[in-house]
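# Observations on chain architecture
So the chains spell out like this:
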Amino acid sequence: MAPAGAGEHRSRILADAAFEGIALTRGGVFVDFNDQLARMMGYSRDELLGKAVANCVAAEHRERVAEFMANGKGNPYEHLALRKDGTVFPVEIRARYARIDDQETRITAIRDITERKKAEVALQMFQFTIEHAADAIFWINGDGGFSYVNHQTCRALGYTREEMLTLRLWDIDPVFPRESWDAEWEAYQHGQIGTRHLETLHRRKDGSLFPVDISAKHIWVGDRELHVAFARDISDRKRYEKDLELTQFTVDRASIGCTWIRQDGRFFYVNDQACRSLGYDRQELLKMSVPDIDPEFDAAAWSNYWNLLIRDRVRTFESTHRRKDGRTFPVEIVANYVEFGGQAYSCAFITDISERKQIEQVLELTQFAIDRASLACFWMDPDGHFFYVNDQACRSLGYSREELLQKCGYDIDPGFTAELCRNCWNRIRLERVVTFETSHQRKDGTLFPVEITANFVEFGGNEYGCLFARDITESKRAEEALRLFQFSIDRASDAVFWLDREGNFPYVNDQACRSLGYSREELLGMRLWDVDPGFPQDVWSTKWQEMKAVGNRTFETTHRRRDGTDFPVEVSTNRIHFGDKELHVAFVRDISERKQAEAEKSKLESQLFQSQKMESIGRLAGGVAHDFNNMLGVILGYADLMKADMTPGDPLLNNLIEIEKAAVHSRDITTQLLAFSRKQVVAPRRLDLNDRIREVKSTLARMIGEDVDLQFFPGDGLWAVKFDPTQFEQILINLAVNARDAMPDGGQLIVETVNTHMDDAYCRDLLGFIPGDYVQLSVSDNGFGMDSETLSHVFEPFFTTKEVGKGTGLGLATIFGIVKQGGGFINAYSEPGQGTTFKIYLPRLEDRGEVDAPAEESSLATGTETMLLVEDDEMVRNMTRAMLERIGYTVRVVGTPEEALAIMEGGEASVDLLMTDVIMPGMNGKELRDRAAAARPELKTLFMSGYTANVIVHHGVLDEGVHFIQKPFSFNDLARKIRDALR
């Protein structure tokens, strides 16, 4: 500081002698200071003078110091000061401002508090140690109150620190009453008691007591006299002491012997079991040594044993002990080397293993049996590792025992993983015994099926699985064969029954159940006569003996279903012995379809016979009609020629007319025969049956008379058919006339039409019927009706039920032929007294909108062209020639096709029309036309015949573009057909 007067000099001396640094600063710079501050900071006076205060402050505290210097407050504060050598140290600052030399000056006192800080740290560490000590620590005043308690005291007693400081010693120690405290304190004061150790009880805040060990001492702290006590909770120790007592009690009463033996072999301690097992009392045994009870130990053996025990510390071995009565018994000894109280002992636990030895002997025998068992045996732990396998396990898998014991369950079972193995173990542990099937894999990789019976076993405190594995390869094969056999039997198309002597069913297959409509359980509770009315109960024993005598037999009978319906069956029985039982196995086949097929076959054979008979009759009728037509053609032709030459008054004209009538009538008969035989040539066209019926309804009504009610029910949207309209009218007329004759007293005639479809099932029962769409015409009356015998002949020619002279027997035969020729079918339904219905099915015409124009009537057409007539019948040839010439044509006549070809191929004669018979020897008319057309392509042809034999027609229908005239023919028919052919 600057020199001044004597007062100032004294102040300087005092300042330099101060223990604290004193500094004057202006503007944050040292302007003066005492020597202590320079020494404290490590600077010389010159170095420090004028230095910025901030340069003497640790960097992390400079901002804080600047704030304190700026606010001008004089409150003390601490910070880290920075010495010249860079070290930092804690300082405490007190400052104030004063005006010196008329300038604002900061006067600062700086104290080095390094030692104080160390003391504070030490105190904090001491305080922390006391607070966190494992023992409770408390300071007690002379009045018994607590001046200090640590954290453990509060935890142990359950009080807060504030609560503890309000209590007295006797509040927490019920053993130390208030009345004893003053004497206790005085004894401590006079040094009668130094450090005191005692056990007592402390009471927690919740009232519970616990034992404590107290270490207490009387001390002085400054001028204060205190009692400091350390209290340790000895609850655990007390429990241990109690446990020790219990242990001692337990050892004395243990089921195994316990002995403590000195190095010289003499007993130091024996428990009760050791005395009982040897038959001595404790005092007797404590006077004895090991060789007295163990004949295997002599002095040398004991010395060797002791050395081994010192080395191994623990030894387990078996030996033999001798009881007081001289009997010996096997023991297992677990000996422990123990040093206690400066002495060495052998603490041995002795177990009488007499029973175990017996068990081991049994176990050896069992082991021998298991090793040679036919089943593989595996013992495994919960992780699936094998620790025992028998010989069969090794043989079945192809491993040695050593190899198998290195494996786990999932190593030999490809279906198991470690996780599945654990799941299986849990199941075995839960259910105790588990049986299942799996596959094992041999060492060579082959698999074979096994049945496993796994048992949960607890042995020696451990858990094990004892598994027995049986190779079921053969049984699997047998099961598979049995399954296949059972599957075959159960799914056989025939029913299979096993029958016993009482008529019971020990077994039935699925087909037996299906065929009869019963469940298997129901059938197994029934008897044979419940399902076969042909085997009643009262004759069963006789039937059984018959079947037994025959052995095997096949017969037909009837079975009855659950719903009461019967059906035919064929039964094949075989007598067998099964075990001690005598049985019959019956194979039963439902022959309903066969019987139905036989009936259908019989029916079809009958229909075929009828069809063949009708066909034969038709062929005969057609042949007769052909020849007869030729003759009728000659008769009618010459009749026409004669009539043309006669005058109206000629007396022979009437006779000629009668001849013509008879020939026309005969021609009509032959026409019917041709219609029946389907040899008549027809000209079908599109027809609407409803329209056609309406057109002829009035005609039909006149024919059947007023006493017969004619009703017509037309079908809606009726399909069109392709049919000859004249033949359709003939069908209606014939059916109406037959119906009228069946209702002499009047009745009802119903005509119906409807669209219908005939399927395979319907046509299967009717010979010649073809599935498809048809228009059905039904004509029904309520007349006499017919029996089945009559009904079977109604379509035969010349068959009639009418009186002689009342019918030709060709009406229905003609209808049959017409319908067949038109591609349709006819059926008759009748019963005596119930009337008759005829149903005619005509095939549907796929309608294309075409309409056939009706034929126009024309007068006799003449001509002058040249005709080539080819006819093998001389009379017909001559008659036809005469008719052609009468009409005006030039005619050349030959009798054979060969003659006609010679004329055509010669090319000399002019021929406008070839008129030829269809059926001729050697060459038919169509072949003649074809060969002639090759020479003369422009040639026109007119065919003629009594029947066609499918030469120029198909099924009686004229080929398109072919001109044909049916024999016999008239002038007008011949003239018109010629003009049509020449167009």
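Nothing here was measured: the structure is a model prediction, and the numbers come from that model. (Residues numbered from 1 in each chain as written. Predicted model: local features only at pLDDT ≥ 70, side-chain atom pairs only at ≥ 80, totals over all residues. Heavy atoms only, no water.)

### Looking at the packing of aromatic side chains
Two measures describe an aromatic ring pair: the distance that separates the ring centres and the angle between the ring planes. Under the convention used in this document: Only centres within 6.5 Å qualify two rings of Phe, Tyr or Trp (six-membered ring in Trp) as a pair; their planes then separate them into stacked at under 30 degrees, edge-to-face at over 60, and tilted for everything else.
If you walk through the whole model with that rule in mind, you get 26 aromatic pairs. These aromatic residues form a ring-pair network of at least three members: F297, W302, Y305, W306, F317 and Y337.

### With respect to the sheet that holds strand β24 (residues 566-578)
Definition in use: Paired strands, as defined in this entry, are two strands with at least two bridges between them according to DSSP. Working definition: helices are DSSP H or I runs of at least four residues, strands are E runs of at least two. Numbering for both runs from the N terminus. When checking whether two residues touch, look at their non-hydrogen atoms; a contact exists if any pair is within 4.5 Å. Axis lines are fitted through C-alpha atoms, for helices just across the contact stretch, and the angle between N-to-C directions can take any value from 0 to 180 degrees.
Spatial ordering of the open sheet is given by β22-β21-β25-β24-β23, a layout of five strands whose pairing is antiparallel. Two strands bound the open sheet, and with one partner strand each, they are β22 (507-508) and β23 (552-560). The sheet contact formed by strand β21 (residues 495-499) and strand β25 (residues 581-590) spans five bridges and is antiparallel. Across the sheet, F497 pairs through a bridge with A586, a residue of β25. Sitting on the sheet, helix α23 (residues 540-550) is in contact with β21, β23, β24 and β25, with an inclination near 90° to β25.

### Topic: the state of the cysteines
The line we're drawing: Count a disulfide wherever a pair of cysteine sulfur atoms falls within 2.5 Å. Classification of residues uses two cut-offs on accessible area relative to the type maximum, computed with a 1.4 Å probe and protein chains only: under 20% is buried, over 50% is exposed, and between them is partly exposed.
Following the criterion strictly, the structure yields zero disulfides and no others. C408 forms no disulfide, and the closest cysteine sulfur to it belongs to C421, at a distance of 7.3 Å. Here C466 is not cross-linked by a disulfide; its sulfur's nearest cysteine counterpart is in C377, at 4.2 Å. Classification of C466 by relative accessible area gives buried; the value is 6%.

### Here's the deal with the environment of T790
Using the following cut-off: Under this definition, polar contacts are N or O atom pairs within 3.5 Å; protein pairs additionally need one hydrogen-donor-capable and one acceptor-capable atom, and for neighbouring residues in sequence, both atoms have to be side-chain atoms.
Along the chain, the position of T790 falls in helix α29 (residues 788-791). Here D787 takes part through its side chain, which lies 2.7 Å from a polar atom of the side chain of T790.

### Regarding helix α20 (residues 473-490)
Applied cut-off: A helix is expected to reach a length of 1.5 Å times the quantity of its residues less one.
Over its 18 residues, α20 extends 25 Å from the first C-alpha to the last, a length consistent with the 26 Å expected when each residue adds 1.5 Å. Among the residues of α20, those classed as buried are T473, I489 and D490. The secondary structure elements touched by the buried residues of α20 are β19 (447-459), β20 (462-471), β21, β22, α21 (510-516) and α22 (520-524).

### What about the sheet that holds strand β33 (residues 866-870)?
Reading across from one edge, β34-β33-β35-β36-β39 is the order of the five strands in this open sheet, with parallel pairing throughout. Where the open sheet ends on each side, the last strands, each with one partner, are β34 (890-894) and β39 (964-966). Taking each pair of neighbouring strands and ignoring which way they run, the sheet shows an average axis angle of 20°. In this structure, strand β36 (residues 940-945) lies alongside β39, joined through three bridges in parallel fashion.

### Describing the UniProt feature "modified residue: 4-aspartylphosphate" (unreviewed entry) in the chain
Which entries qualify depends on this criterion: UniProt positions are given in the numbering used here, feature names are shortened, and annotations may be inferred rather than shown by experiment.
The positions UniProt marks with the feature "modified residue: 4-aspartylphosphate" (unreviewed entry) are D917. Along the polypeptide, D917 turns up in strand β35 (residues 913-917). Overall, the relative accessible area of 1% leaves D917 in the buried class. Those residues in contact with D917 that lie beyond four places of it in its chain are V870, E871, D872, G925, M944, S945 and K967.

### Section: the environment of F317
Structurally, F317 can be placed in strand β13 (residues 314-322). Spatially, the C-alpha atom of F317 lies 8.5 Å from that of A335, the residues being 18 residues apart in sequence. Leave out the neighbours within four places in its chain, and F317 touches F297, Y305, V331, E332, I333 and A335.

### A word on a nonpolar patch on the surface
The following threshold applies: A residue counts toward a patch only above 30% relative accessible area and without a salt bridge, and it is joined to like-charged neighbours within 9 Å or, for Val, Leu, Ile, Met, Phe, Trp and Tyr, to nonpolar neighbours within 5 Å. For the area figures, the Shrake-Rupley method with a 1.4 Å probe applies, and any residue is considered shielded solely by the protein chains shown. The term salt bridge refers to a pairing of a side-chain nitrogen on Lys or Arg with a carboxyl oxygen on Asp or Glu at a separation within 4 Å.
A contiguous nonpolar patch, built from V175, L201 and L209 and spanning about 240 Å² of accessible area, is present on the exposed surface. For L209, the position within the fold is in strand β9 (residues 209-221).

### Details of unusual backbone geometry
Despite not being glycine, D101 shows a phi value in the positive range, around 55°. With respect to the secondary-structure elements, D101 resides in the loop between β4 (88-100) and β5 (103-112). By relative accessible area, D101 is classed as exposed at 64%. Phi is positive for R313, close to 75°, though the residue is something other than glycine. If you trace the backbone, R313 turns up in the loop between α14 (299-312) and β13.

### Structural notes on the pattern of salt bridges
In this structure the tally under the stated criterion is 66 salt bridges. One salt bridge connects D32 with R45, and the closest N-O pair in it is separated by 3.5 Å. Residue D32 is found in strand β2 (residues 29-33), and its partner R45 is found in helix α3 (residues 45-48); the two are separated by 13 residues along the sequence. Of the charged contacts in the structure, one is a salt bridge between D312 and R311, with a shortest N-O distance of 2.8 Å. For D312, a relative accessible area of 31% puts it in the partly exposed group.

### Brief notes about the pairing of strand β30 (residues 772-781)
Counting buried positions along β30 yields nine of 10 residues, so the element is predominantly enclosed. With 10 bridges connecting them, strand β29 (residues 747-758) and β30 associate as antiparallel partners. Pairing of T753 across the sheet is with L777, part of β30.

### What about α14?
Rules: Note that the arc is defined by the directions from the helix axis to the C-beta atoms.
In this model α14 runs 20 Å from its N-terminal to its C-terminal C-alpha over 14 residues, within 8% of the 20 Å that 1.5 Å per residue would give. Where α14 is concerned, the buried positions are W302, Y305, W306 and L309. Buried residues of α14 fall within an arc of 100° about the axis and therefore sit on the same side. α14 presents A300 and R311 as exposed residues on the side facing more than 90 degrees away from its buried surface. Elements that come into contact with the buried residues of α14 comprise β11 (257-262), α13 (290-293), β13, β14 (328-340) and β15 (343-352). The N-cap of α14, judged by a side-chain oxygen 3.2 Å from the amide nitrogen of A300 a few residues on, is D298. A positive phi of about 75° marks R313, the residue just after α14.

### Examining the side chain of N271
In this structure, N271 sits in the loop between β12 (267-270) and α11 (272-278). With sequence-adjacent residues up to four places away left out, N271 is seen in contact with V251, D252, A254, I256, G257, C258 and R282.

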